[in-house]
Amino acid sequence: MLHLWGRLSSINVRKVVWAAQELGITVQRTDAGGQFGIVREAAYLQRNPNGLVPLIEDDETGVRLWESNPIVRYLCAQYSMGDLYPEALPERFAAEQWMDWQQTTLNPAGRDAFVQWIRTPAAQRNDALIAASVAATEPLLALLDAHLARQPFMAGDRFTMADIPVGCEIHRWWGLPQARGAHPHLEQWYNTVSSRPGARGLLDQPLS
C-alpha cells in the first residue's frame, strides 16, 4: 500500500498517481492542499516540512518522500527497474534530464497562464501575464516538437518515467482556453501517452 497525500487538481500529485497506476501499485490517497488544508497541520509538517503536496509513505519499504519528480523516480526505480526506470546510464540520464527540465523550465514558463485562466476570476485576470507566459512557453513546445521528431518518447524508443511529468505539463497547457501553435510530433506523442491505461482518470480530466 502506498499512502499519498494530495489533491488530483495538483499537477504534481497527478504525476505520482500516473506512475503508481503504470506500476499497478495500490494507492490510498488523502485529499490535501488547497481547499482541503492539512498541509499546515503539525502532523503533516512532521512528515513533510515543506508543507506542500505530494507526500508519500510506502508501507512496503518504509520510504517517505516529498517532491513529485523524486517520488516518480523512486517508484519507478523500486518497482520497475530496467523498464520505466532505465538501467542503461545514457537512457536513464536522458530521462532525468527531461524530468528536471519539466520542473525547472517548462513548468515555470506556463504557470502564470494556468493560474490566470483556471484559478483567477475572469474580472481579475491579467492579460499581460497570460501573454508573457505564452511567449515563454511556445518556444519550449517547439523544442519538444523537434526532439520528438527524432524519437517516439522523451528518453528514446520506449515509454519511461520521463514521459510522465512532461505529459502532465502538456495536459495542463493544452487544457487552457487559448489558441496554441501547431506541434505535430508533440501532438502525436501526447496522444500516445495520454491513451495509456495508466493515464486514465488524470489526463482525461478538466483542469481545476
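Since the structure is predicted, the reported quantities are computational estimates derived from the model, not experimental observations.

Caption draft 1: Summary view of the sheet that holds strand 4 (residues 64-66). Reading across from one edge, 2-1-3-4 is the order of the 4 strands in this open sheet, with mixed pairing throughout. At either end of the open sheet lies a strand with only one pairing partner, and these are strand 2 (27-30) and strand 4. With direction set aside, neighbouring strand axes in the sheet form an average angle of 15°. Bridge count for strand 1 (residues 2-5) against strand 3 (residues 55-58) is 4 bridges, and the pairing is antiparallel. Note that in strand 3 the partner of His-3 across the bridge is Glu-57. Where helix 1 (residues 11-23) meets the sheet, its contacts fall on strand 1, strand 2 and strand 3, and the angle it forms with strand 1 comes to roughly 160°.

Caption draft 2: Spatial organisation of the packing of aromatic side chains. Scanning the entire structure with this criterion turns up 5 aromatic pairs. With a centroid separation of 6.4 Å and 90° between ring planes, the pair formed by Phe-153 and Phe-159 is classed as edge-to-face. Here Phe-159 falls in the buried class, since its relative accessible area comes to 6%. Arranged with centres 5.5 Å apart and planes meeting at 80°, the rings of Trp-174 and Tyr-190 form a pair that is edge-to-face. Pair noted here: Trp-174 is in helix 6 (residues 163-174) and Tyr-190 is in helix 7 (residues 184-194), with a separation of 16 residues, a long-range link. Take Trp-174 and Tyr-190: they sit in the same class, and that class is buried. In this structure, Arg-180 is placed above the aromatic ring of Trp-174, and the distance from its NZ or CZ to the ring centre is 4.1 Å.

Caption draft 3: Spatial organisation of the side chain of His-171. By secondary structure assignment, the location of His-171 is in helix 6. On the basis of relative accessible area, His-171 is assigned to the buried category, the value being 6%. Polar contacts involving the side chain of His-171 include one to the main-chain carbonyl oxygen of Gln-205, which spans 2.9 Å. Those residues in contact with His-171, other than ones at most four positions away along the chain, are Arg-14, Tyr-190, Leu-202, Leu-203, Gln-205 and Leu-207.

Caption draft 4: Region of the structure containing the side chain of Glu-138. Counting through the fold element by element, Glu-138 comes out in helix 5 (residues 127-148). One buried charged residue, Glu-138, remains without a salt bridge, the closest side chain of opposite sign being Arg-180 at 7.3 Å. Discounting chain neighbours no more than four positions away, the residues touching Glu-138 are Trp-173, Arg-180, Gly-181 and His-183.

Caption draft 5: Examining helix 6 more closely. Taking 1.5 Å of rise per residue, 12 residues should cover 16 Å, and helix 6 covers 16 Å from first to last C-alpha, within 8% of that figure. Asp-163, Ile-164, Pro-165, Val-166, Gly-167, Cys-168, Glu-169, Ile-170, His-171, Arg-172, Trp-173 and Trp-174 are the residues of helix 6 that are buried. Each element contacted by the buried residues of helix 6 is listed here: helix 1, helix 3 (68-79), helix 4 (89-119), helix 5 and helix 7.

Conventions adopted
- Residues numbered from 1 in each chain as written.
- Predicted model: local features only at pLDDT ≥ 70, side-chain atom pairs only at ≥ 80, totals over all residues.
- Heavy atoms only, no water.
- Pairing = 2+ DSSP bridges.
- Helix = DSSP H or I, 4+ residues; strand = E, 2+ residues; numbered from the N terminus.
- Axes fitted to C-alpha atoms, helices over the stretch in contact; angles between N-to-C directions.
- Contact = heavy atoms within 4.5 Å.
- Phe/Tyr/Trp six-rings, centres within 6.5 Å; stacked < 30°, edge-to-face > 60°.
- Buried < 20%, exposed > 50% of the residue type's maximum accessible area, 1.4 Å probe, protein only.
- Lys NZ or Arg CZ within 6 Å of the ring centre and 35° of its normal.
- Polar contact = N/O pair within 3.5 Å; in protein donor to acceptor, adjacent residues only side chain to side chain.
- Lys, Arg positive; Asp, Glu negative; His and termini not counted.
- Salt bridge = Lys/Arg side-chain N within 4 Å of Asp/Glu carboxyl O.
- Expected span 1.5 Å × (residues − 1).

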